[in-house]
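One-letter residues, chain by chain:
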Amino acid sequence: MANTIRILGLDPGLRKTGWGVVDVEGSRLGWVAHGVIAPDDKAAFSDRLLALFEGVSAVIDTYGPHEAAVEETFLNTNAQSTLKLGHARAAAMIPPARAGLVVAEYSAKEVKKSVVGTGGADKDQVAYMIARLLPTAGGPTADCADALAVAIAHAHARKARAIGQITHHSLRKALGRVA
């Protein structure tokens, strides 16, 4: 499994941050682990952010991913809620960046389209597809299913980029521009 890439997917939230780890080898996906980081709702805001940071750091230490992917923040009608979610995203993004991992970002629509085939899919449809794509994952909660979906979206995106690079390289070689 020398060509295996381990991807950490994160679905950040202040109350619950879902995480999921998958292995990708070629076009094969394999479930590794998933869980939820749930800071104490009664704790100070800064302590909740610290709990997210430490939780994601522990996942990285335990599972040793090569890359990470995070769902982007959606704009909420409540600016304060959007700002707090942005803080949670930052607390979740810093540990993989600090560990030297590539950290990709995907919109919820991109994630749903990659996993379900439509950007307007609901949480039940995402969970259903995760159960089909990663049967050994069991029945993950919605937060975990979303995080695993983010990891899968990243796996699909990196494969598409690799195909594009190969095609671009082949074209350049055919034109005599690459030795």
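Look up a bit, the structure's there.
Residues numbered from 1 in each chain as written. Predicted model: local features only at pLDDT ≥ 70, side-chain atom pairs only at ≥ 80, totals over all residues. Heavy atoms only, no water.

A. Spotlight on the overall build of the protein. Helix and strand counts for the protein stand at five helices and five strands. Listing the helices and strands of the protein from first to last along the sequence gives β-β-β-α-β-α-β-α-α-α. The buried share among the 179 residues of the protein stands at 39%. The contacts in the protein between residues at least 6 apart in sequence include a share of 59% that link residues at least 24 apart. For the protein, the exposed area adds up to about 9800 Å²; of that, 55% sits on carbon and sulfur atoms. (Helix = DSSP H or I, 4+ residues; strand = E, 2+ residues; numbered from the N terminus. Buried < 20%, exposed > 50% of the residue type's maximum accessible area, 1.4 Å probe, protein only. Contact = heavy atoms within 4.5 Å. Areas by Shrake-Rupley, 256 points an atom, 1.4 Å probe, with all protein chains shown as cover.)

B. Layout of the packing of aromatic side chains. For the structure on display, the rule yields one aromatic pair. On the basis of an interplanar angle of 35° and a centroid distance of 5.5 Å, the ring pair of Trp19 and Tyr63 is categorised as tilted. Placement of Trp19 in strand E2 (residues 17-25) and of Tyr63 in helix H1 (residues 45-63) is noted, with a sequence separation of 44 residues between them. On the basis of relative accessibility, which here comes to 10%, the residue Trp19 falls in the buried class. Judged by relative accessible area, Tyr63 falls into the partly exposed class, the value being 26%. The aromatic ring of Phe45 is capped on one face by Lys84, whose charged end is 5.8 Å from the ring centroid. (Phe/Tyr/Trp six-rings, centres within 6.5 Å; stacked < 30°, edge-to-face > 60°. Lys NZ or Arg CZ within 6 Å of the ring centre and 35° of its normal.)

C. Spotlight on the pattern of salt bridges. As enumerated under the stated definition, the model contains four salt bridges in all. Here Arg6 makes a salt bridge to Asp23, at a shortest N to O gap of 2.7 Å. With Arg6 in strand E1 (residues 5-11) and Asp23 in strand E2, the pair connects residues that are 17 residues apart, well separated along the chain. (Salt bridge = Lys/Arg side-chain N within 4 Å of Asp/Glu carboxyl O.)

D. Structural view of the pairing of E1. For E1, the tally of buried residues reaches five of seven residues, placing the bulk of the element in the interior. Both E1 and E2 contribute to a ladder of seven bridges, which runs antiparallel. Counterpart to Ile7 in the pairing with E2 is Val22. Counting the residues between successive antiparallel strands, the hairpin from E1 to E2 contains five residues. Pairing of E1 with strand E4 (residues 67-71), which is carried by four bridges, proceeds in the parallel orientation. Counterpart to Ile7 in the pairing with E4 is Glu67. (Pairing = 2+ DSSP bridges.)

E. Fine view of the side chain of Glu71. Its place among the elements puts Glu71 in strand E4. For the buried residue Glu71, which engages in no salt bridge, the nearest side chain bearing the opposite charge is Lys123, 6.4 Å off. Here Glu71 is in contact with Leu10, Asp11, Pro12, Arg89, Tyr106, Ala108, Val111 and Val150, once residues within four sequence places are set aside. (Lys, Arg positive; Asp, Glu negative; His and termini not counted.)

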